[in-house]
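Summary of the model geometry
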Amino acid sequence: LSSSMFPTIHGSDEIKKGILLMLFGGVPKRTVEGTSLRGDVNVCIVGDPSTAKSQFLKQVSDFSPRCIYTSGKASSAAGLTAAVVKDEESGEFVIEAGALLLADNGVCCIDEFDKMDVRDQVAIHEAMEQQTISITKAGVKAVLNARTSILAAANPIGGRYDRSKSLQQNIQLSAPIMSRFDLFFVLVDECNEVTDYAIARRIVDLHSRQEESVEREYTLEEIRRYIAFAKKFKPRITPESQEFMVEEYKKLRQRDANAMSKASWRITVRQLESLIRLSEAMAKMVCDEKVQVSHVKEAFRLLSKSIIRVETPDINLDEENAATQEPDTEMETEEGENLRITFEEYKKISNMLILHMREYEEKNRDGSEDGALKKQQLVDWYLQQIEEDIEGEQEMIARKLVTEKVLERLVKVDNVLLEIEGTGEAEDPFLVVHPNYIVE
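Now for a description of the structure that goes with this document. Treat the numbers as computed from the prediction; the structure is a model and nothing was measured.

We now examine the overall build of the protein chain. Across its full length, the protein chain carries 20 helices and 18 strands. Considering the protein chain as a whole, with its 440 residues, one finds that 45% of them fall into the buried category. The long-range fraction of contacts in the protein chain, counting pairs at least 24 apart against all pairs at least 6 apart in sequence, stands at 71%. Just so you have it, the protein chain exposes about 23,800 Å², and 50% of that area is on carbon and sulfur atoms.

Turning to the packing of helix α19 (residues 375-385) against helix α20 (residues 393-412), a few remarks are in order. Between α19 and α20, the least distance of the axes is 10 Å, while the angle of their chain directions is 130 degrees. Judged by the inter-axis angle, α19 sits oblique to α20. Where α19 crosses over α20, the two elements pack in a sense that is right-handed. Along its contact with α19, which presents K375, Q376, L378, V379, Y382 and L383, the element α20 presents M396, R399, K400, T403, E404, L407 and E408. Of the residues in the contact of α19 with α20, the class split is six nonpolar, two polar and five charged.

Here the focus is the packing of aromatic side chains. Any aromatic ring pair is given by two values, namely how distant the centres are and how the planes are angled relative to each other. Following the criterion strictly, the structure yields four aromatic pairs and no others. An angle of 85 degrees between the planes, with centres 5.7 Å apart, marks the rings of F113 and F181 as edge-to-face. On the criterion of sequence distance, the pair formed by F113 in the loop between β7 (107-111) and α6 (118-122) and F181 in the loop between α9 (175-179) and β11 (183-187) is long-range, its members being 68 residues apart. Of the two residues, F113 and F181, both sit in the buried class. Summarising the aromatic geometry, the rings of F181 and F184 are spaced 5.5 Å apart at their centres and angled 70 degrees between planes, so their arrangement reads as edge-to-face.

Unusually for a residue other than glycine, E112 sits at a positive phi of about 50 degrees. By the secondary structure assignment, E112 is in the loop between β7 and α6. What makes E112 partly exposed here is its relative accessible area of 25%. The phi dihedral of C287 falls on the positive side, at around 55 degrees, and the residue is not glycine. Residue placement: C287 occurs in the loop between α14 (269-285) and β13 (290-291). A relative accessible area of 23% means that C287 is categorised as partly exposed.

By size, the foremost hydrophobic cluster in this structure holds 45 residues, and its most contacted members are I19, M22, L23, F56, V60, V107 and L151. With seven residues, helix α2 (residues 13-24) is the largest single contributor of residues to this core. Among residues more than four places away in sequence, those in contact with I19 are F6, I45, F56, V60 and L151. V46, M116, I133 and I135 belong to the second-largest nonpolar core, a separate cluster that totals 32 residues.

About the cut-offs
Residues numbered from 1 in each chain as written. Predicted model: local features only at pLDDT ≥ 70, side-chain atom pairs only at ≥ 80, totals over all residues. Heavy atoms only, no water. Helix = DSSP H or I, 4+ residues; strand = E, 2+ residues; numbered from the N terminus. Buried < 20%, exposed > 50% of the residue type's maximum accessible area, 1.4 Å probe, protein only. Contact = heavy atoms within 4.5 Å. Areas by Shrake-Rupley, 256 points an atom, 1.4 Å probe, with all protein chains shown as cover. Axes fitted to C-alpha atoms, helices over the stretch in contact; angles between N-to-C directions. Parallel < 35°, antiparallel > 145°, perpendicular 65-115°, else oblique. Left-handed = near helix turned anticlockwise from the far one by under 90°. Nonpolar A, V, L, I, M, F, W, Y, C, P; charged D, E, K, R; others polar. Phe/Tyr/Trp six-rings, centres within 6.5 Å; stacked < 30°, edge-to-face > 60°. Core = buried A, V, L, I, M, F, W, Y, C linked by side-chain atoms within 4.5 Å.

Scope: geometric values only; no functional claims are made or implied.
This is how it looks when you write it as structure tokens:
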């Protein structure tokens, strides 16, 4: 379905899936007190220039039967919500509908979302969560429905996405607006020979032979009819799926509570509601009356991808060490290649070392020097643990260097480990874990 909807765009399969789930939507509900819970899914695409963001928006606006396309820079708060104007003939005040009202029960595509004024962004807070627009102007008081899914595209600050920073530091959006989006997708324009070749071939094919290069399994009309049919389903969540959702939400919250992880935004109840909506959309897509565990797993994968992809930048192990070294040594490090490892690998190594140190300290609680381990002892212990995975002398030297750099970072940057002064040599100091540090 997704490849038939976007046949001219190469790759970005996750975004295509996310947009497809947005078109199916969740199940809107009404509580006993009369509070309405939205079923529409909001999606935001953040990325470098020339990564086909606007192309996604344009194709959705052409495909969807009820869709309004607007640009953030050219839109005001009144233009997006509603304006009260004086009627020329009767002289009375009347309400003129804005983009969100016109897209009721449809999709509203907002391009250049980051270029909007903060005052104009505040105007769509209510529309994104409560799905209503309240107006109190010129004696006119009204509450209007705006049951619309929002598909927004935004550029990072400075035009390029900085992977070493979190998502919130990369885009000019407030935390309340960010929490209202169910899915965030980050598109980074990276140099990759295989991808670049495939994209170039795709574009050249499109320009040279337009009709033949487009391959669709289903026509747009067939997809429209299928979505309209699938929307009639109102899937209910099974007890097994409920248990799975609660467990996954707890894991996300625990990961968010850890001080060392740079989360893109805080994990709140809204992310749990997003998981429910996406699971329902997955069930609708396969025309299922019940939300199965497999639907929840796929929805959680999409949701965690949009969170994790931005909260785990690669760790540059040479970056911080260079600042603490002498100028001569700094020159030497700059000449060599920077040592980088992924965030997950960094966490894995540091947790293994810290747990080993804690166990050692528990056994030797007499306060003597024997209660602490030397840096070299820690490195040797870690290499013994992973010796089965090491193939050859070169890899052994590389792993040893990485472990030493991780220990340096834990001491100088994260302040998780403390050096005991006055004991041992400066090259090989005794190390202890900070008493207030809690391991994940």
